[in-house]
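Below, each chain spelled out in residue letters.
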Amino acid sequence: MAAYLLHLAILAGIYIILAVSLNLIIGYAGQVSLGHAAFYGIGAYASALAALHWHFPFPLAALGAMLVTGGCGLALGLPTLRLKEDYLAIVTLGFGVIVDLVFLNLEVTGGPDGLVGIPSPRLLGLSFRPQPLYLLLVILAVFLVLGFTYLLVRSYHGRALRAIRDHETTAQVMGINTPAYKIVIFSLAAALAGLAGSLYAHYITFINPESFGLHTSILILCMVVLGGMGSIIGSVLGAIALAVLPEMLRQFQAYQDLIYGALLVALLIWRPEGLLGRGKLSLKFLTRG
Amino acid sequence: MFLQQLLNGLTTGSVYALIALGYTMIYGILGLINFAQGEIYMCGAFVAVLLLATGKVNFYLAFAAGMVAAALLGVALERVAFRPLRGAHPLVPLISAIGASIFLQSLALLLFGPNDRPFPIQFTFSTITVAGLPLSTLQGAILAAALGLMGLLMVFVRYTRYGKAIVACALDRDTARLMGINVDRMVALTFFIGSALSGAAGVMMAIYYNATYPRMGLLPGLKAFSAAILGGVGNIPGAILGGLLLGVAESLGAAYVSSGYKDAIAFAILIGVLLLRPQGILKGRGD
């Protein structure tokens, strides 16, 4: 039982990183990404391959995974983020489909079987294989991500981002390079998703394309909308709620996606600020009136 | 071989064009992308297949029923997922449509199961040679039906009162309202027509590939969107041109480049267009 709770806590921590990073895209760049699970997957595969083939130590593998996913984010953001907000959603949806195709077809990613025997992290001779230690590692990563996000949001650049969020044209008039900010935020969020992927791969030690499909992207999106778009603390709570609830409601598993879909529509109609969002960091302009 | 691939491409391309018309008309009038267009296409296919499987209706009735069911689903979708959110930030209806798309897909999965369904009636198609080109009559029928529907749409938009009213709403919703046009009704009509075309596309593809399944709308939806962008989003002839071009490019790409990555071709085209000519071939209303 304790092992199971620890397992849930580790997964919840990984989802917090995913939800907070997606929230940066939604709440600060004002875009929807449906390919967040693809970045998560690329991070997991990149980190696992680095560890398996080149025997990278975990911190280096995780860093490499972040660089790779950040680069993918940049490549995807450059053509799309200069345009209207809807394009990114479709392009990232397509990206997710392609990444799935690549994972399934490439030899180096092991096809449908995926990769096995990914080593657990070792730091200073200490193995992080035991769950409590791994949980500590995840908590450390979550705090780093949250601290970084908090500092970013409060900095000069955070103010610029909030200006873009509140009124893009005005922000542009004030001399803020809005496409550049959006692209940087998007690729930063992709890099954070890569970190989450790396944490997942080295914890589970076995990955296959199934974990990184559209279903996962929708799940992360639900976490953000449930917690409140633009609210960092909301994303943390949303991630915990949606990571833990499905485990407790196992008998309804077949209805999971049905519920997520209905939840998204219902939330946006009746509570666009999210169930848990406090409104302090929320996007006021998203609500009508 | 080349001409055969060209013909295959034109056939699937004409189906992409029908779905792309739905995207482009809705984009034209609301400035939004209806993410659930692929699910409307799936609904049309399922209704026709299920009706035919009962053995009590003939093919034409089932085809029409598929179109009507898809159209009604489109109108219902507009009422539930779009209309309450009109005027909000564009992000909000977009996410709501994503939710609706997931909802419909998993509902179909629960109701009908994940397996492919074959098309219930067998057609006897032959291959005839037209000007030295081997043309299967199935392909010919799909091409003719798709082009016929597109022609009807063009006539409707250009020459009827309602068609002109839709164009007026797409140009300027407020002015159209001042001219006495009921904008809400025109938006609903746009969803009705766009969805009926997607429903027709769904039935045609159910016959062509002989498979109907809950996730069938995902890839054609994505490709039709790429087609709409390629032609210039919001532009009706552009959507037709984009659909046909995309179908041909995909078919030739699968034959001469790589068939494993066939589905990636549309995506590569989408990225290329967004980079080089975001307004599309015929100028659309996208930025």
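The structure we're discussing is the one just above.
So, here's what we can say about the structure. (Residues numbered from 1 in each chain as written. Chains lettered and ligands numbered in written order. Predicted model: local features only at pLDDT ≥ 70, side-chain atom pairs only at ≥ 80, totals over all residues. Heavy atoms only, no water.)

Topic: the overall build of chain A
Part 1 of the argument: A count of helices and strands for chain A gives 11 helices and 4 strands.
Part 2 of the argument: In terms of C-alpha radius of gyration, chain A reaches 18 Å, essentially the compact-globule figure of 19 Å for 289 residues.
Part 3 of the argument: Considering only C-alpha atoms, chain A reaches an extent of 55 × 40 × 35 Å along its principal axes.
Part 4 of the argument: Relative to its full complement of 289 residues, chain A shows a buried share of 57%.
Part 5 of the argument: Long-range contacts, defined here as pairs at least 24 residues apart, represent 79% of the contacts in chain A between residues at least 6 apart.
Part 6 of the argument: A total accessible area of about 12100 Å² is found for chain A, and carbon and sulfur atoms account for 69% of it. (Helix = DSSP H or I, 4+ residues; strand = E, 2+ residues; numbered from the N terminus. Rg over C-alpha atoms; globule rule 2.2 N^0.38 Å. Buried < 20%, exposed > 50% of the residue type's maximum accessible area, 1.4 Å probe, protein only. Contact = heavy atoms within 4.5 Å. Areas by Shrake-Rupley, 256 points an atom, 1.4 Å probe, with all protein chains shown as cover.)

Topic: the packing of aromatic side chains
Part 1 of the argument: This model, assessed by the stated rule, comprises 16 aromatic pairs over all chains.
Part 2 of the argument: Relative to Phe95(A), the ring of Phe39(A) lies with its centre 5.3 Å away and its plane at 40°, an arrangement referred to as tilted. In this pair, Phe39(A) is assigned in helix H2 (residues 36-53) and Phe95(A) in helix H4 (residues 85-105), connecting sequence segments 56 residues apart.
Part 3 of the argument: Between the aromatic rings of Tyr208(B) and Tyr209(B), the centroid separation amounts to 5.3 Å while the plane-to-plane angle is 50°, which identifies the pairing as tilted. (Phe/Tyr/Trp six-rings, centres within 6.5 Å; stacked < 30°, edge-to-face > 60°.)

Here's the deal with the nonpolar core
Part 1 of the argument: Of all hydrophobic cores here, the largest spans 191 residues; its most connected members are Leu199(A), Ile207(A), Leu221(A), Leu18(B), Leu21(B), Phe35(B) and Ile95(B).
Part 2 of the argument: Among the elements that take part in this core, helix H1 (residues 2-28) of chain A stands out by supplying 15 residues, more than any other.
Part 3 of the argument: Sequence-distant contacts of Ile207(A), defined by excluding residues within four places in its chain, comprise Ala44(A), Tyr45(A), Ala48(A), Asp113(A), Gly114(A), Leu115(A), Ile118(A), Tyr200(A), Ala201(A) and Phe212(A). (Core = buried A, V, L, I, M, F, W, Y, C linked by side-chain atoms within 4.5 Å.)

Structural notes on the interface of chain B and chain A
It is common to report an interface's size as the accessible area lost on association of the parts.
Part 1 of the argument: Listed by partner, the interface residues are 44 residues for chain B and 44 residues for chain A.
Part 2 of the argument: A combined buried area of about 4000 Å² lies between chain B and chain A, and 81% of that area is made up of carbon and sulfur atoms.
Part 3 of the argument: For the pair chain B and chain A, the interface holds 0 salt bridges.
Part 4 of the argument: For the side of chain B that touches chain A, the secondary structure elements donating two or more residues are helix H3 (59-82), helix H4 (91-112), helix H9 (218-231) and helix H11 (262-276) of chain B. (Buried area = accessible area lost by both parts, 1.4 Å probe. Salt bridge = Lys/Arg side-chain N within 4 Å of Asp/Glu carboxyl O.)

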